[in-house]
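In case you want the letters, here they are:
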Amino acid sequence: MTHILAIDQGTTSTRAMVFDDALALVASAQEEFTQHFPQSGWVEHDPKDLWDTTLATCRKAIETAGEIAAIGITNQRETTVVWDRETGEPVYNAVVWQDRRTAEVCADLRAEGFEEVVTARTGLLLDHYFSGTKLAWILDNVEGARARAEAGELIFGTVDSWLVWNLTGGRAHVTDATNAARTMLYDIHKGRWSQTICDKLGIPREMLPEVKDCAADFGETDLLGGTIPILGIAGDQQAATVGQACFQPGMMKSTYGTGCFALLNTGDTPVTSQNRLLTTIAYQLDGKPTYALEGSIFIAGAVVQWLRDGLKVIESAGETQTLAEAADAGQELILVPAFTGLGAPYWKPECRGAIFGLTRGSGPAEFARAALESVGFQTRDLLEAMCADWDGAGDTALRVDGGMSASGFAMQFLADIIGAPVERPRVLETTAMGAAWLAGHRAGLLPDMAEFAASWECEARFDPAMAEDIRDKRYAGWRKAVSATIDVAS
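What you see is a predicted model, and the numbers here were worked out from it, not measured in a lab.

(A) Quick peek at the overall build of the protein. Of the regular secondary structure elements, the protein holds 16 helices and 23 strands. Against the globule reference of 23 Å for 490 residues, the protein gives a C-alpha radius of gyration of 22 Å, in line with a compact fold. Based on the C-alpha atoms only, the size of the protein along its principal axes is roughly 65 × 50 × 45 Å. In the protein, which comprises 490 residues, the share counted as buried stands at 60%.

(B) The arrangement of the packing of aromatic side chains in detail. Enumeration according to the criterion identifies 17 aromatic pairs in this entry. With a centroid separation of 5.3 Å and 15° between ring planes, the pair formed by Trp437 and Phe452 is classed as stacked. Note that Trp437 is positioned in helix α14 (residues 430-442) and Phe452 in helix α15 (residues 449-454), a separation of 15 residues in sequence. Residues Trp437 and Phe452 agree in their burial class; the two are buried. Taken together, the ring pairs connect Trp97, Tyr129, Phe130, Phe261, Phe298 and Trp347 into an aromatic cluster. One residue, Arg380, lies across the ring of Tyr475, its end atom 4.0 Å from the ring centre. It is Arg399 that lies over the ring of Trp456; its NZ or CZ is 3.6 Å from the centre.

(C) Representation of the sheet that holds strand β22 (residues 422-425) in the model. With respect to topology, seven strands assemble into an open sheet ordered β17-β18-β16-β15-β21-β22-β23, the strand pairing being mixed. Looking at strand neighbours, the two that pair on one side only are β17 (278-285) and β23 (458-462), the edges of this open sheet. Strand after strand, the sheet turns through a mean of 30° between neighbouring axes, direction not considered. In this sheet, strand β21 (residues 398-401) lies alongside strand β15 (residues 252-256) in parallel orientation, the contact comprising four bridges. For Ser254, the partnering residue across the bridge sits in β21 and is Val400. Contacts between helix α9 (residues 236-243) and the sheet are confined to β15, β16 (260-267), β17, β18 (288-297) and β21, with β15 contributing the most and set at about 125° to the helix. The strands touched by helix α13 (residues 408-418) within the sheet are β15, β21, β22 and β23, with β22 carrying the most contacts at an inclination of about 145°.

(D) View of the nonpolar core. Residues Leu135, Leu185 and Tyr256 are the most contacted members of the largest nonpolar core, which totals 101 residues. Broken down by element, the residue count for this core peaks at eleven residues, all from helix α12 (residues 364-389).

(E) Structural context of the sheet that holds strand β14 (residues 228-235). With respect to topology, six strands assemble into an open sheet ordered β3-β2-β1-β5-β14-β13, the strand pairing being mixed. Of all strands in the sheet, those bounded by a partner on one side alone are β3 (25-32) and β13 (220-221). In this structure, β13 lies alongside β14, joined through two bridges in antiparallel fashion. Within the sheet, the bridge partner assigned to Thr221 lies in β14 and is Ile228. Where α9 meets the sheet, its contacts fall on β5 (68-75) and β14, and the angle it forms with β14 comes to roughly 100°.

(F) Structural detail: the pairing of β3. One ladder, built from seven bridges, connects strand β2 (residues 13-19) with β3; its direction is antiparallel. Looking at the pairing, Arg15 lines up with Gln30 of β3. Joining the antiparallel neighbours β2 and β3 is a turn of five residues, in which Leu23 adopts a positive phi near 60°.

(G) Highlighting α14. Taking 1.5 Å as the rise per residue, α14 with 13 residues should run 18 Å; its terminal C-alpha atoms sit 18 Å apart, in good agreement. Of all 13 residues that make up α14, eleven are buried, and the element is covered over most of its length. Taken residue by residue, α14 has Thr430, Thr431, Ala432, Met433, Gly434, Ala435, Ala436, Trp437, Leu438, Ala439 and Gly440 as its buried positions. Following α14 by one or two positions, Gly444 has its phi on the positive side, about 85°.

(H) Inspection of empty space enclosed by the protein at higher detail. Under the criterion given, the structure shown has one cavity of 30 Å³ or more. Each pocket or cavity is described by its volume, and for the largest cavity that value is around 60 Å³. Forming the boundary of the largest cavity are Ile297, Phe298, Leu342, Gly343, Ala344, Tyr346, Gln378, Asp381 and Trp478. Looking at the lining of the largest cavity residue by residue, the classes come out as six nonpolar, two polar and one charged.

(I) Representation of α12. Spanning 26 residues, α12 covers 38 Å between terminal C-alpha atoms, matching the ideal 38 Å at 1.5 Å per step. Counting buried residues in α12 gives 22 out of 26 residues, a clear majority hidden from the surface.

(J) Summary view of the side chain of Thr175. Of note, Thr175 is situated in strand β9 (residues 174-176). Polar side-chain contacts of Thr175 include one of 2.7 Å to the side chain of Asp160. Non-local contacts of Thr175, meaning those with residues more than four positions away in its chain, are made with Thr158, Asp160, Ser161, Ala180, Trp193, Pro209, Glu210, Val211, Lys212 and Phe218.

(K) A look at the pattern of salt bridges. A full pass over the atoms with the stated rule returns 28 salt bridges. Across the salt bridge formed by Arg15 and Asp8, the nearest N and O atoms sit 2.9 Å from each other. Each member of the pair, Arg15 as well as Asp8, carries the same accessibility label: buried. Among the salt bridges present, the one from Glu89 reaches Lys48, with a minimum N-O distance of 2.9 Å. With a gap of 41 residues between them, Glu89 in the loop between β6 (81-84) and β7 (94-95) and Lys48 in helix α1 (residues 47-61) connect regions that are remote in the sequence. Salt bridges sharing partners connect three or more residues here, namely Arg77, Glu78, Arg182, Asp236 and Glu294.

(L) Focus on the side chain of Asp160. Mapped onto the fold, Asp160 is located in helix α6 (residues 159-167). Buried and unpaired, Asp160 has no salt bridge, with Arg77 as the nearest side chain of opposite charge at 10 Å.

(M) Local environment of the packing of α12 against helix α16 (residues 468-489). Where α12 meets α16, the closest approach of the two axes is 11 Å, and the angle between their N-to-C directions is 90°. When the axes of α12 and α16 are compared, the pair comes out roughly perpendicular. Taking contact as the criterion, the partners of Glu373, Ser374, Phe377, Gln378, Arg380, Asp381 and Glu384 in α12 are, on α16, Arg471, Asp472, Arg474, Tyr475, Trp478 and Arg479.

Criteria and cut-off values
- Residues numbered from 1 in each chain as written.
- Predicted model: local features only at pLDDT ≥ 70, side-chain atom pairs only at ≥ 80, totals over all residues.
- Heavy atoms only, no water.
- Helix = DSSP H or I, 4+ residues; strand = E, 2+ residues; numbered from the N terminus.
- Rg over C-alpha atoms; globule rule 2.2 N^0.38 Å.
- Buried < 20%, exposed > 50% of the residue type's maximum accessible area, 1.4 Å probe, protein only.
- Phe/Tyr/Trp six-rings, centres within 6.5 Å; stacked < 30°, edge-to-face > 60°.
- Lys NZ or Arg CZ within 6 Å of the ring centre and 35° of its normal.
- Pairing = 2+ DSSP bridges.
- Axes fitted to C-alpha atoms, helices over the stretch in contact; angles between N-to-C directions.
- Contact = heavy atoms within 4.5 Å.
- Core = buried A, V, L, I, M, F, W, Y, C linked by side-chain atoms within 4.5 Å.
- Expected span 1.5 Å × (residues − 1).
- 1 Å grid on protein atoms, 1.4 Å probe; cavity = no way out; pocket = protein on both sides within 12 Å on 5 of 7 lines; lining within 4 Å.
- Points joined across faces, edges and corners; volume = space filled by probe spheres on them.
- Nonpolar A, V, L, I, M, F, W, Y, C, P; charged D, E, K, R; others polar.
- Polar contact = N/O pair within 3.5 Å; in protein donor to acceptor, adjacent residues only side chain to side chain.
- Salt bridge = Lys/Arg side-chain N within 4 Å of Asp/Glu carboxyl O.
- Lys, Arg positive; Asp, Glu negative; His and termini not counted.
- Parallel < 35°, antiparallel > 145°, perpendicular 65-115°, else oblique.

Now the structure itself:
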């Protein structure tokens, strides 16, 4: 048995990918599932959809792949599921990471000064983005849920926990350190659930899963032919960090999907940000956590979707490259894509998008260029904050992945505006690969960390070509535009 099955359970679809013992992709399957929006700002998934699409894609992917030696799981982070310990029946839909229903609760807790407690223990900001207040909302708003939870009848998990529970027939209620670190309930310094935070939010500790390393024995499944061990789990952005082989302090990866998530490896040092970045666990192996600074950009690839679906100036994402290259060099449109607020390092959810520098000659080409450049500007914001927080930042190339990394124009501007090389890997499925390596290494099929890192290959490297004075002038214009956008929202 030389194949590893990687389950990549995302926000809009589930993928199953089979890799061989050289980490070459052998087979894959993907299914989308329904998004539910019961109220403005609310986003939910049916937990059964997450499980059904997982089971279906796994079975399809392994049809032609032969026997599977191990399973690795990577998943959308922060999404919250509560289910009956005995029957496995969810008590409510999964509350998705994008959901904003607990924003007011978080604001009240911040006003009480509780954010300092949260940040000191979890490395996170007190925000509706994370799982803790979502779980509390379910307990407080689903009839009978709190009483059942206190009686030990209900359990909680992020999506990885939910999938493992189903794969093992309810025998394993577990998670890994990276997913636990995103709940806003886990003390990343002591490696345990925080009783102080659980008490504040009214969450019974008995609901919470056992926390393990990213490569560990999470249980076995007999639903996919034979008995297969589940040996690797990591949240999607941490799995991408592993897949990009960012194992040395100072190494950084940035994933450009709908949003952008940048993680900077800080080694065994949990760096406390002074610039509203997140301190998190990049991965944990052999009981030892490796920490990271993380910055989240809400709108990256979604700005191209806006050009297509909102402005309707393009029909496909690939058109942006040609348009951007044809833009009038004399115009310097700046687009601040705060469609759903500004993420790190600003954390201004009340902001909305703005465009600066419009002229009568501004058209689709200039809008396309401004859209692609906005991602580079936002990434520099994260890098500036990381360099201010930790003197080990900024010494290596930025490794990129995600759909938007395919744009040569966007990646060249990124290199220009950050003044550092940008490297795009040969294998872009870094998230699934990270999960596969964790499971395969645990199973003894794949090489150790050093050999895996040595096998990483660069498909394209973008070196900065913009003069320093131009770079600084362009970035100063961006900062002024962001300041004006924040002023309008204040």
